[in-house]
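# An overview of the molecular structure
Listed here are the chains, written in short residue letters.
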Amino acid sequence: MKIVSVGGGPAGLYFAILMKKADSAHEITVLERNRADDTFGFGVVFSDATLDNFREADPESHAAITQAFAHWDDIDIHYQGQGLTSTGHGFSGMSRQTLLDILQRRAAALGVTLRFSTEVAEPAAWAGADLVVAADGVNSSVRLRYAAHFQPAIDWRRNRFVWLGTTCPFPAFTFIFKESEHGLWRVHAYRYDARDSTFIVETTEATWRRAGLDEASEDETAAFVEVLFARELDGHPVLKNRSLWRAFPTVRNTRWHHGNMVLLGDAAHTAHFSIGSGTKLAMEDAIALAGALGEHREVTRALAAYEAERRPQVEATQRAAQTSLEWFEQAERYHGRLEPAQFAFSLLTRSLRVTHENLRARDAKLVATVDRWFADKASQQSGRPVAAAPPPPPMFTPLRLRELVLANRVVVSPMCQYSAEDGTPNDWHLVHLGSRAVGGAGLVMTEMTDVTREGRISPGCTGMYKPEHVGAWKRVVDFVHGASGAAIGIQLAHAGRKGSTRRLWEGIDEPLPDGNWPLIAASPLPYFPHSQVPREMNRADMDDVRGAFARAASMAAQADFDLLELHFAHGYLLASFISPLTNRRKDAYGGALMNRLRFPLEVFDAVRAVWPAEKPISVRLSATDWKAGGLEPAEAVQTARELKAHGCDIIDVSAGNTVPDQEPEYGRLFQTPFSDRIRLEAGIPTMTVGAVASYSDVNSILAAGRADLCVLARAHLYDPYWTRHAAFEQGVDLPWPDQYVSVKTFTPRDR
Ligand SMILES: Cc1cc2nc3c(=O)[nH]c(=O)nc-3n(C[C@H](O)[C@H](O)[C@H](O)COP(=O)(O)OP(=O)(O)OC[C@H]3O[C@@H](n4cnc5c(N)ncnc54)[C@H](O)[C@@H]3O)c2cc1C
Ligand SMILES: Cc1cc2nc3c(=O)[nH]c(=O)nc-3n(C[C@H](O)[C@H](O)[C@H](O)COP(=O)(O)O)c2cc1C
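Because the structure is predicted, anything quoted here is derived from the model rather than measured.

Before going further, it helps to examine helix H2 (residues 48–57). Listed as buried for H2 are Thr50, Leu51, Phe54 and Ala57. Viewed along the axis of H2, the buried residues span an arc of 120 degrees, placing them on a single side of the element. Looking at H2, the residues exposed on the side facing more than 90 degrees away from the buried face are Ala49 and Glu56. Where H2 is buried, its residues meet helix H1 (10–22), strand E3 (43–47), helix H3 (59–68), strand E7 (91–95) and helix H10 (278–295).

Secondary-structure assignment places Arg679 in helix H23 (residues 672–682). Arg679 sits 29 residues away from Asp708 along the chain, and the two C-alpha atoms are 8.6 Å apart. Non-local contacts of Arg679, meaning those with residues more than four positions away in its chain, are made with Ile684, Thr686, Gly705, Arg706, Ala707 and Asp708. A distance of 2.9 Å separates the side chain of Arg679 from the backbone oxygen of Gly705, its partner in a polar contact. Of the polar contacts made by the side chain of Arg679, one reaches the side chain of Asp708; its length is 2.8 Å.

Let's shift gears to the side chain of Arg596. Within the secondary structure, Arg596 is located in helix H21 (residues 593–610). In contact with Arg596, not counting residues within four places along its chain, are Phe577, Ile578, Ser579, Pro580, Asn583, Tyr589, Gly590, Gly591, Leu631 and Glu635.

Turning our attention to the pairing of E3. With four of five residues buried, E3 is to be regarded as a mostly interior element. As paired elements, E3 and E7 share five bridges and run antiparallel to each other. Following the sheet pairing, Ser47 is matched in E7 by Phe91.

Looking now at the site of ligand 1. Surveying the vicinity of ligand 1 reveals 32 residues, the closest of which are Glu32, Arg96, Tyr190, Asp266 and Thr279. At 3.2 Å, a backbone N or O of Val45 approaches a nitrogen atom of ligand 1. Here an oxygen atom of ligand 1 sits 2.7 Å away from a polar atom, N or O, in the side chain of Asp266. Taken by itself ligand 1 offers 990 Å² of open surface, and the protein chains cover 94% of this. Elements with a minimum of two residues in the shell around ligand 1: H1, E3, strand E10 (152–166) and H10.

Turning our attention to the pairing of strand E26 (residues 617–622). For E26, a buried count of six out of six residues is recorded, marking the element as mostly surrounded by other parts of the structure. Covered by surrounding structure in E26 are Ile617, Val619 and Leu621 together with Ser618, Arg620 and Ser622, the residues of both alternating faces. Sheet analysis places strand E25 (residues 563–568) next to E26, joined by five bridges and oriented parallel. Its bridge partner lying in E26, Leu566 is registered against Val619. Relative to strand E27 (residues 650–654), E26 runs parallel, the two sharing five bridges. In the strand pairing of E27, Val619 is matched with Ile651. One crossover worth recording links E26 to the parallel E27 by way of helix H22 (residues 633–645), and it is right-handed.

In the neighbourhood of ligand 2, 16 residues make up the surrounding shell, with Ser413, Pro414, Gln491, Ala691 and Arg714 lying closest. One of the backbone N or O atoms of Met448 is found 3.0 Å from an oxygen atom in ligand 2. In the model, a nitrogen atom of ligand 2 is placed 2.8 Å from a nitrogen or oxygen of the Gln491 side chain. Taking 610 Å² as the accessible area of ligand 2 by itself, protein coverage stands at 83%. Along the lines of polarity and charge, the residues of the shell around ligand 2 split into eight nonpolar, five polar and three charged.

Glancing now at the sheet that holds strand E20 (residues 410–412). The strand order around the closed barrel built from eight strands is E20-E21-E22-E25-E26-E27-E28-E29, with neighbouring strands paired in parallel fashion. Neighbour to neighbour, the strand axes of the sheet diverge by 25 degrees on average, direction disregarded. When strand E22 (residues 487–493) meets E25, the two strands line up parallel, connected through four bridges. Bridging from a neighbouring strand, Gln491 pairs with Glu565 of E25. Sheet strands touched by helix H16 (residues 427–438): E20 and strand E21 (443–450). Its angle to E21, the strand with the most contacts, is close to 155 degrees.

A few words now on the packing of H3 against helix H4 (residues 96–110). Between H3 and H4, whose axes approach to 10 Å, the crossing angle comes to 155 degrees. One finds that H3 runs roughly antiparallel with respect to H4. Classified by chirality, the crossing of H4 by H3 is right-handed. Two secondary-structure elements touch here, H3 through Glu60, Ser61, Ala64, Ile65 and Ala68 and H4 through Thr98, Leu99, Ile102, Leu103 and Arg106.

For the rest of this paragraph, the subject is the packing of aromatic side chains. What the rule picks out here adds up to 34 aromatic pairs. A ring pair is formed by Phe173 and Tyr190, whose centres lie 5.5 Å apart and whose planes are at 20 degrees; its orientation type is stacked. Of this pair, Phe173 sits in strand E11 (residues 173–180) while Tyr190 is found in strand E12 (residues 183–191), placing the two residues 17 residues apart along the sequence. Seen in terms of ring centroids, Trp626 and Phe674 are 6.2 Å apart; in terms of plane orientation they differ by 65 degrees. Their pairing is edge-to-face. Taken together, the residues span a long stretch of sequence, with Trp626 in the loop between E26 and H22 and Phe674 in helix H23 at a distance of 48 residues. In this structure Trp626 comes out as buried when scored by relative accessible area, which is 10%. One Lys or Arg, Lys498, reaches over the ring of Tyr572 and ends 4.7 Å from the middle of that ring. Positioned over the ring face of Trp736 is Arg724, at 4.0 Å from the centre of the ring.

Rules of the game
Residues numbered from 1 in each chain as written. Chains lettered and ligands numbered in written order. Predicted model: local features only at pLDDT ≥ 70, side-chain atom pairs only at ≥ 80, totals over all residues. Heavy atoms only, no water. Buried < 20%, exposed > 50% of the residue type's maximum accessible area, 1.4 Å probe, protein only. Helix = DSSP H or I, 4+ residues; strand = E, 2+ residues; numbered from the N terminus. Arc of directions from axis to C-beta. Contact = heavy atoms within 4.5 Å. Polar contact = N/O pair within 3.5 Å; in protein donor to acceptor, adjacent residues only side chain to side chain. Pairing = 2+ DSSP bridges. Near = heavy atom within 4 Å. Areas by Shrake-Rupley, 256 points an atom, 1.4 Å probe, with all protein chains shown as cover. Right-handed = clockwise from strand over helix to strand, strands pointing away. Nonpolar A, V, L, I, M, F, W, Y, C, P; charged D, E, K, R; others polar. Axes fitted to C-alpha atoms, helices over the stretch in contact; angles between N-to-C directions. Parallel < 35°, antiparallel > 145°, perpendicular 65-115°, else oblique. Left-handed = near helix turned anticlockwise from the far one by under 90°. Phe/Tyr/Trp six-rings, centres within 6.5 Å; stacked < 30°, edge-to-face > 60°. Lys NZ or Arg CZ within 6 Å of the ring centre and 35° of its normal.

Read these as geometric descriptors, not functional statements.
Given below as structure tokens:
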């Protein structure tokens, strides 16, 4: 086969090597515009796992690579003048130039034709080739020429960075966070040979401009960096090599192949340098493409197989890189707000891929330090002692909200059961909530419980509007208090325009076939086009609804609930005021955020006034509508600030469900970043909810300060004893009810 690679970076060279190895009859030419010894940048980094892949693909180049690299296990973090070290990370760094030398030599020895100083400008360069490999990097000209087919999307990130080197041999992978009069600077530094280190400096565009670096030459940049980091560089000079300030482009392509042409490495995709995966991805692409061509003789089939194999792996890495780059973009949020141990934990788990458990396997000492710090804080905050040694995992530490002290950080999320008659909870609710309380969660929340009959979602929803509701709820509350260590909270709501609909299993949000009741909302907009049109609320309606919430709150206090949550989320009545998508009012209750918050805050105040002062109130918010023109996280932060000022104790951070045509981004812990932001920017405790599935997730979220409580919904439907099982697996002794003490002599086997 005749193969032309445009570009002789790691992707093009490694692919040429693997193909020539597979069949020496292949005629392979690599066209590279640079000279053989020209390179940009300094070092590249590989994880131990990546190196194993290289050994399998080509033992010869693997041997040369492993002889040339500097290996380290530690990550050093410089934060607020303190140094923190985490170990067990297993990475290798090497000079990019050395890597290219090794690959060039190996390719030449195998008989690949390498043409340096050859800029490819026209398709004539690959005329007659059976396969054209576009390995021409992040600014790929082949991709640009065939953009209509590849459909690239380039997301230019907002931070600025410059890739420098230094003769300072950093002993570990080093992150430096340093403030100057211009703002906060981040450094990613690692040694790549016996002497030298890569030194990438990153900051926000505003800080970069304030420091005048937007107009600085390479020499001026180097001089600035040498002065700013004189202490960390220990007097060593900064090295430059086409070290220009840039923004990072995340490259994605709808298609990676077209006819006999294929994108490889950075031409196809990029992943932010903070997870150090660019060269790894490029070389793993080469392995996959060579493998696919070995398997499928027909080129287009092989290219399709390559893309099918690689795309999901690359996209998973890109997702991790995205959360990592966002962490660095938002480092100002964490810097100064988090204490050193928590800052380090947040940094090390930033991609949400490394959990408390993974990190413990790498560095048990660091995790023990973080757990100790967390437990001591929790003990101080709650006034409750925690085990001295070993410290409990974060999920089994107490939290105080006013006079309520929760025994642990797991919450059973509100979940409608659609099983009540005219709002009255019954045996189903007793067993449902009672078994979850016995299951060990610190706090069990009732389902959305409506403050009027017309405020129900469905005829099966629970309510707090009739005198007999108090006794029916008190039966549940008394059971929870008597039989478990859990606290119990009630979620009060009004369904607004999403009312008068069927039970979940009969058609979620679908109007009732008959027996409908009239709806009210902020604006007369139906949920679905075929839904009932609600009446726009007038001032008298507002007074009624506010009164109903206050009455329900008094009834909840009589029923002895420990916590009250107001439902300001998911498009229900109060949420319909907050979201600009559902509030089109022209009066004092519509328009700017403060106007949209006016009525919900009135309701909050009325409830706070009657709810006992020693008991906490939480508010569930949708932090985004996931729809253009809808509520954005910055407004959710502002809303949380207002609520805090009005006496709210904790925000239960959810998202979406405002409009049916939302465009949510689901995934593991998909709502946790909103909680993290509200918690730190509004300075109020938060609960996070949404696809929290493992106890390690819970511990990670808490230890990193992304939330104060973790709320699990579906996990608790699957396993009412979720917290007990988590305790067992972590060696925590959670007291069983007397009736169940025999379980202590039982050993579960299948977990
Ligand atoms: C600041 C920074 C730090 C990074 N740190 C790391 C790290 O620590 N670890 C890591 O693994 N990755 C890192 N990367 C990413 C890494 O450099 C790339 O992901 C990797 O080099 C991709 O390999 P590639 O072969 O696809 O592209 P490249 O290495 O960019 O190679 C493309 C080649 O094509 C040539 N070329 C382009 N156009 C033409 C043309 N028209 N004609 C002929 N030749 C052409 C170029 O000269 C170049 O040699 C970093 C990137 C940046 C920006
Ligand atoms: C059956 C069911 C009923 C729900 N009812 C409510 C509710 O009454 N109030 C509420 O705020 N959220 C409700 N939700 C949303 C959950 O509380 C939670 O936010 C969501 O399921 C995401 O969490 P998870 O990924 O842990 O399931 C419900 C979810 C489910 C699955």
